[in-house]
Amino acid sequence: MSFRYSGRWVAFIILALATACQSSSDEQPPPHLFAELFVRYLQAEKELKATATFFEGDSIRTAAPKTMPGGVAFQGSGMEARPLPGGTVRYFLQRKGDYAAEFPFSFKNDKGPKQQYALSMTPIDTFYIVEDKASKSQGMSLFARGGRLQPGESLVFLFSDAWNQAFSFTLDGPSQGEEYQIPPIQLEGLQPGPHQLYLVKKKKTAERKPGLSVLADLEYYTRVAELEVVE
């Protein structure tokens, strides 16, 4: 499916991010730029991955793939342009590094000044499970430093057992704090025995500025913790 017809962009339009009214003058405004930005950080590996794709047109339904003439930079470093089917170009960068307070993308269209858009989210520095266990009948208590969720953020719990069977559930923000009391119903899919757990904190942003609409995703993957699942 073409990027410009993705459900996320349709929702973006429905959520009152409609295109600006047409000017009454004869001069046509420049095409609108649509950007999808993505950043993923792996805490254990200290690995950072960023991608960016662009489309241009009067609306997202008619927008065509856009190659940025001046290239795209992430944290001041140039991103590699990778062609995709249908003429889309994905800008890509992957490297080792520390988690930053902000993750800025910068790019320049055919006309106008260079633009910058930054993603940010408080990371989960560390987390622990009370008594290192999860009870299918009693639930689970967890503390995550940096785990308080703001609107638009979510926290994914990813479990893996000794047989590499995976299980997950997601909590959506906002949350009251950094402590989580997980009820038994959330743990029904787990089997008793040793497990590994890591958390993924996510943030989704949809924003419209003059001449630019952005959909952005930021994901932070924590280190793995060991725990025992009991009945």
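In this text the structure is predicted, and so the values were computed from the model without any measurement.

The rules we used
- Residues numbered from 1 in each chain as written.
- Predicted model: local features only at pLDDT ≥ 70, side-chain atom pairs only at ≥ 80, totals over all residues.
- Heavy atoms only, no water.
- Helix = DSSP H or I, 4+ residues; strand = E, 2+ residues; numbered from the N terminus.
- Buried < 20%, exposed > 50% of the residue type's maximum accessible area, 1.4 Å probe, protein only.
- Contact = heavy atoms within 4.5 Å.
- Areas by Shrake-Rupley, 256 points an atom, 1.4 Å probe, with all protein chains shown as cover.
- Phe/Tyr/Trp six-rings, centres within 6.5 Å; stacked < 30°, edge-to-face > 60°.
- Lys NZ or Arg CZ within 6 Å of the ring centre and 35° of its normal.
- Polar contact = N/O pair within 3.5 Å; in protein donor to acceptor, adjacent residues only side chain to side chain.
- Pairing = 2+ DSSP bridges.
- Axes fitted to C-alpha atoms, helices over the stretch in contact; angles between N-to-C directions.

Trainee: How would you summarise the overall build of the protein if you had to cite specific residues and measurements?
Mentor: The number of helices and strands found in the protein is one helix and 18 strands. In the protein, which comprises 231 residues, the proportion classed as buried is 40%. Considering only contacts within the protein whose residues lie at least 6 apart along the sequence, 65% involve residues at least 24 apart. As displayed, the protein has an accessible area near 12,600 Å², and 50% of this comes from carbon and sulfur atoms.

Trainee: Got a sec to walk through the packing of aromatic side chains? Specific residues and values, please.
Mentor: Each aromatic ring pair is characterised by the separation of its centres together with the angle its planes make. If you walk through the whole model with that rule in mind, you get 15 aromatic pairs. Ring centres of F74 and F103 lie 6.1 Å apart, and the angle between their planes is 5°; on these two criteria the pair is classed as stacked. Of this pair, F74 sits in strand β4 (residues 72–74) while F103 sits in strand β8 (residues 103–107), and the two are 29 residues apart along the sequence. Taken individually, F74 and F103 each receive the classification buried, so the pair is uniform in this respect. Through successive ring pairs, a cluster of aromatic residues spans Y41, F74, Y99, F103, F105 and Y220. R82 extends its terminal NZ or CZ atom over the ring of F92, reaching a point 3.9 Å from the ring centre.

Trainee: Before we move on, could you go through the side chain of S135 and cite the residues and values that matter?
Mentor: For S135, the location among the structural elements is in strand β11 (residues 133–135). Polar side-chain contacts of S135 include one of 3.3 Å to the backbone oxygen of E231.

Trainee: How would you explain the sheet that holds β8 if you had to name every residue and give the values?
Mentor: Spatially, the four strands line up as an open sheet ordered β5-β4-β8-β9, and their pairing is antiparallel. Edge strands, defined here as strands with exactly one partner in the open sheet, are β5 (77–78) and β9 (115–119). Here two bridges tie β4 to β5, and the two strands are oriented antiparallel to one another. Looking across to β5, one finds that F74 is bridged to S77.

Trainee: Hey, could you go over the side chain of E219 for me, with residue numbers and the actual values?
Mentor: Position of E219 relative to the elements: it lies in strand β17 (residues 212–221). Judged by relative accessible area, E219 falls into the buried class, the value being 12%. A distance of 3.2 Å separates a polar atom in the side chain of E219 from a polar atom in the side chain of Y221. If we ignore the near neighbours within four places in the chain, the residues touching E219 are F38, V39, R40, Y41, V200, K201 and K202.

Trainee: An account of the sheet that holds strand β12 (residues 140–145) is needed here, citing residue identities and associated values.
Mentor: Taken together, three strands build an open sheet; the order of strands is β10-β12-β15 and the sheet is antiparallel. Of all the strands in the sheet, the pair left with one neighbour each is β10 (126–129) and β15 (179–182). Each neighbouring strand pair of the sheet contributes to a mean axis angle of 20°, computed without reference to strand direction. Relative to β15, β12 is paired through four bridges, and the arrangement is antiparallel. What sits directly across from F143, in β15, is E179.

Trainee: Could you give me a rundown of the pairing of β8, with the residues and numbers involved?
Mentor: In terms of burial, β8 is largely enclosed, as four of its five residues are buried. One ladder, built from three bridges, connects β4 with β8; its direction is antiparallel. In the strand pairing of β8, A73 is matched with S106. With five bridges joining them, β8 and β9 adopt antiparallel strand pairing. Within β9, the residue paired with F103 across the bridge is L119.

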